[in-house]
Amino acid sequence: MRRYLWRRIGLGALTIVATTMLVHLALYLAPGDPIGYLLNGRPATPERIAALRAQYNLDEPFFTRYVSWITGVFQGDLGTSAAFNADVSTLIASRFQTTMYLVLISFVFISVFGLTLGILAGLHKGGIDSFSMATATILSSIPAFVGSFILINVFALQLGWFPAIGGGDGSLSSAISHMTLPAIALAFSAGAFVARTTRASIRVESASEHVVTATVRGIPRNKVVSRHIVRNALLPVISLGGLLFVGLIVSTAFVEQAFAINGIGGLLVVAARQQDFALVQAITLILVISFVVVNLAVDVLYWILDPRIRSEVA
Amino acid sequence: MSIGQIAIGRNRGYRKRLSKLGLLGWLAVFVLFIFGVIAIFGSALAPHDPNKIDLAYSYVGPIPGHPLGFDELGRDLFSRLLVGARTSLIGPIVLVISTTLIGTSIAILAAWRRGWTDAGLSAGVDIAVAFPGLLLAILLSTVFGASLWVAIAALTLAYTPSLARLLRSSALRETGMDYVKALKVLGFSDSQIIFKHLLPNLAPFIIAQAIIMFGYATLDLGGLSFLGIGVQPPTADWGTMVAAGASGLLQGYPTQTLAAGSCLVLTAVSFAVIGDRLARIWGVE
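Residues numbered from 1 in each chain as written. Chains lettered and ligands numbered in written order. Predicted model: local features only at pLDDT ≥ 70, side-chain atom pairs only at ≥ 80, totals over all residues. Heavy atoms only, no water.

A.B. asks: Which parts of the structure should I look at to understand the overall build of chain A?
C.D. replies: In terms of helices and strands, chain A carries 13 helices and 2 strands. Expressed along its principal axes, the backbone C-alpha trace of chain A runs to roughly 85 × 60 × 35 Å. Taking the intrachain contacts of chain A between residues at least 6 apart in sequence as the baseline, contacts between residues at least 24 apart amount to 72%. Summed over its atoms, the accessible surface of chain A is roughly 15,100 Å², and 66% of this surface lies on carbon and sulfur atoms. Here chain A holds 21 positive side-chain charges and 15 negative ones, and the gap between their average locations is 14 Å. (Helix = DSSP H or I, 4+ residues; strand = E, 2+ residues; numbered from the N terminus. Contact = heavy atoms within 4.5 Å. Areas by Shrake-Rupley, 256 points an atom, 1.4 Å probe, with all protein chains shown as cover. Lys, Arg positive; Asp, Glu negative; His and termini not counted. Charge placed at Lys NZ, Arg CZ, Asp CG, Glu CD.)

A.B. asks: How should the overall build of chain B be read in this particular structure?
C.D. replies: Of the regular secondary structure elements, chain B holds 11 helices and 0 strands. Written out in order from the N terminus, the α and β elements of chain B read α-α-α-α-α-α-α-α-α-α-α. Going through the 285 residues of chain B one by one, you find that 52% of them count as buried. Taking as baseline every contact in chain B between residues at least 6 positions apart, the subset at least 24 positions apart corresponds to 71%. Surface exposure of chain B reaches about 12,900 Å², of which carbon and sulfur atoms provide 68%. Looking at charge distribution, chain B has the averaged site of its 20 positive side-chain charges lying 14 Å from that of its 14 negative ones. (Buried < 20%, exposed > 50% of the residue type's maximum accessible area, 1.4 Å probe, protein only.)

A.B. asks: Would you mind showing me how to read the environment of Ile229 of chain B here?
C.D. replies: Secondary-structure assignment places Ile229 of chain B in the loop between helix H8 (190-227) and helix H9 (238-244). For Ile229 of chain B, a relative accessible area of 2% corresponds to the buried category. Here the alpha-carbon distance between Ile229 of chain B and Ala151 of chain B, two residues 78 residues apart in the chain, equals 7.1 Å. If we skip the residues at most four places from it in the chain, Ile229 of chain B touches Arg273 of chain A together with Ile138, Ser141, Ala146, Ser147, Ala151 and Leu224 of chain B.

A.B. asks: Just checking my understanding: could you explain the pattern of salt bridges for this structure?
C.D. replies: Two side chains that carry opposite charge are able to pair once their charged atoms sit near each other. Residues and elements named next belong to chain B. Taken as a whole and judged by the stated rule, the model has 6 salt bridges over all chains. Across the pair Asp178 and Lys181 runs a salt bridge, and its minimum N-O distance is 3.9 Å. With Asp178 and Lys181 both in helix H7 (residues 178-185), this residue pair falls 3 residues apart, about one helical turn. Exposure remark for Asp178: the relative accessible area of 60% places this residue in the exposed category. Exposure remark for Lys181: the relative accessible area of 47% places this residue in the partly exposed category. With a closest N to O distance of 3.1 Å, Arg280 and Asp276 form a salt bridge. Taken together, the positions of Arg280 and Asp276, both in helix H11 (residues 255-281) and 4 residues apart, correspond to about one turn of that helix. Arg280 sits in the partly exposed class, given a relative accessible area of 48%. (Salt bridge = Lys/Arg side-chain N within 4 Å of Asp/Glu carboxyl O.)

A.B. asks: Which parts of the structure should I look at to understand the packing of helix H3 (residues 77-113) of chain B against helix H6 (residues 148-175) of chain B?
C.D. replies: Each pair of packed helices can be summarised by the angle the axes make with each other and by the distance between the axes. Residues and elements named next belong to chain B. The N-to-C vectors of H3 and H6 enclose an angle of 35°; their axes lie 6 Å apart at closest approach. As for how H3 packs across H6, the hand of that crossing is right-handed. For the contact of H3 with H6, a count of residues per class yields 17 nonpolar, 9 polar and 1 charged. (Axes fitted to C-alpha atoms, helices over the stretch in contact; angles between N-to-C directions. Left-handed = near helix turned anticlockwise from the far one by under 90°. Nonpolar A, V, L, I, M, F, W, Y, C, P; charged D, E, K, R; others polar.)

A.B. asks: Please clarify how the interface of chain A and chain B should be interpreted in this entry.
C.D. replies: When the parts of a complex come together, some accessible area is lost, and that lost area is often taken as the interface size. In this complex, chain A contributes 42 residues to the contact, which on the side of chain B involves 35 residues. Note on chain A versus chain B: buried area summed over both sides is about 3,000 Å², and carbon and sulfur give 81% of it. Sorting the residues of chain A by area buried against chain B places Ser141, Phe145 and Phe149 of chain A first, and these three jointly supply 20% of that buried surface. If you look at where chain A meets chain B, you find 0 salt bridges. Counting across the interface, chain A meets chain B through 3 residue pairs in polar contact (both at pLDDT 80 or more). (Buried area = accessible area lost by both parts, 1.4 Å probe. Polar contact = N/O pair within 3.5 Å; in protein donor to acceptor, adjacent residues only side chain to side chain.)

A.B. asks: Explain the packing of helix H7 (residues 144-158) of chain A against H11 of chain B to me, please; I cannot follow it from the model alone.
C.D. replies: One way to put it is that H7 of chain A packs onto H11 of chain B with a least axis distance of 10 Å and a crossing angle of 135°. Comparing the axis directions of H7 of chain A and H11 of chain B gives the class oblique. In this structure, H7 of chain A crosses over H11 of chain B, and the sense of that crossing is left-handed. Two secondary-structure elements touch here, H7 of chain A through Phe145, Val146, Phe149, Ile150 and Asn153 of chain A and H11 of chain B through Thr257, Leu258, Gly261, Leu264 and Val265 of chain B. Partitioned by chemical class, the residues of the contact of H7 of chain A with H11 of chain B number 7 nonpolar, 3 polar and no charged. (Parallel < 35°, antiparallel > 145°, perpendicular 65-115°, else oblique.)

A.B. asks: Help me understand the side chain of Ser141 of chain A, please; the structure alone is not making it clear to me.
C.D. replies: Inspection of the secondary structure assignment puts Ser141 of chain A in the loop between helix H6 (127-140) and H7. Not counting residues within four places of it along the chain, the set of residues in contact with Ser141 of chain A comprises Leu219, Val265, Ala268, Val269 and Ala272 of chain B.

A.B. asks: Just checking my understanding: could you explain the packing of aromatic side chains for this structure?
C.D. replies: What characterises a pair of aromatic rings is the spacing of the ring centres plus the angle enclosed by the ring planes. By the definition in use, this model includes 9 aromatic pairs over all chains. Taken together, a centroid distance of 5.7 Å and an interplanar angle of 35° make the contact between Phe145 of chain A and Phe254 of chain A tilted. Of this pair, Phe145 of chain A sits in helix H7 while Phe254 of chain A sits in helix H10 (residues 221-258), placing them 109 residues apart in sequence. Grouping residues by exposure puts Phe145 of chain A and Phe254 of chain A together as buried. One aromatic cluster in this structure is built from Phe145, Phe149 and Phe254 of chain A together with Phe226 of chain B. In this structure, Arg95 of chain A packs its charged tip against the face of Phe84 of chain A, placed 5.9 Å from the ring centre. The ring centre of Trp112 of chain B lies 4.6 Å from the NZ or CZ of Lys184 of chain B, which sits over that ring. (Phe/Tyr/Trp six-rings, centres within 6.5 Å; stacked < 30°, edge-to-face > 60°. Lys NZ or Arg CZ within 6 Å of the ring centre and 35° of its normal.)

Structure, rendered in structure tokens:
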């Protein structure tokens, strides 16, 4: 277990270094010279140029520059945002919780809804299957930025069940009432994706020898379903969850804009529109780290759930 | 009849079975046909100038001659929707064509060369597949500025790996078949075998994938335009119209957002249905 884990951690660290280096390298790709790009249309006073040269270590070679940036990151210094004229870490910290609430609530909807549809469709052929898959097709074609407004229009404006916009005052109850609609909008396409994967996985598992054997041995159907089919079929779905996670954080940009919520995704898009390199770079770093951490968690979960991996690695 | 011709004949039944699209499939084809006509002739069909601002008509509802009413700046919504079809569909066309060309080339190169070429390409693809397209688009527009072309380039980069991965396994299966070996022994050149035999046999799979991709492409590009890092206003586009109508929707004028959003969803659903049916008909699910 330990060697397996260490290898995964090493691979994760490598991913983080490679991705951040690529992002750092992107500064060279910008049209024109880096100073002109970083000035971003602001007047080029000598002091400002000097400050930018110092902040981005522009006189140093690439590697030195990268190392000094990553050292700064470890000391909690993510740089200064040009667009907001504020400390990047402060900007991110104040929005992090909001986005996490949003993503976690959305994950609940995705799991409940994707797994229910997928398992139902996988176990029953005919009407239930076609109905579930038709639902999945329609939902996967409703992007979060359109779904948000449909939900706002129906459930906030017409029915008045939920607040239309805003992220709540920070307490859990207000977060839940404010985040329910955005989380559902975010869950549409990912939930449909989970449903399809689950269905395919259930079908494969149902046709496998161990299930046929269990059935022939006279084990009751519901026991075959719960212990032999579903338990095995969920393994690929779990790793899908890990893959979905970062995409989900980035996609919060859509619902955060639609619902006027102050979160990481919205911040990222504002930063991109303003060409605020320091901010985009910092958020990307956080996203890559969360990607690595989540996938590490998925690996560990696999280890716990699937004894076959244990014997394979050991 | 040479061996090559026999081999080509193997998959050619796929045109005949198109009639199995079903009612829903043909309905989807019809919807896309209408949208296609609008995309081509939209500016000629539009009853009014889509960019003519008249603040006196801000958020005025439907009146004779203006079936959908007006937007926040008093522009005719119906005209903007018609004209917007072109920008909303041209982007996905370019994106699908470029992705299909690059993805197919990578897949065939990997399957044909095998060995190190395959290993290298597949490793690159495996890493890139996990990178969210939206994040890539955000990074590129941070560096190069926001425009439709940057968005298309970013999504091409994001889509290509997964397409290449899907196609590679089919291409590997195909290159391992006897007819390819036979053609090689008969002395046909690589390019002859690839273009005359391999590609036609892979075509159903590639076409089905491209059609499914078109739906995603429409939504993703519309989404980037919605976020302000795709098509730039005042150009009429379904994605930017969803965003422009947002404040109106909160004030009780949801027409712009919901109409533009419905066009996007309808396009996406239609492509999904057709792609799904074709894949099933051709047996390339």
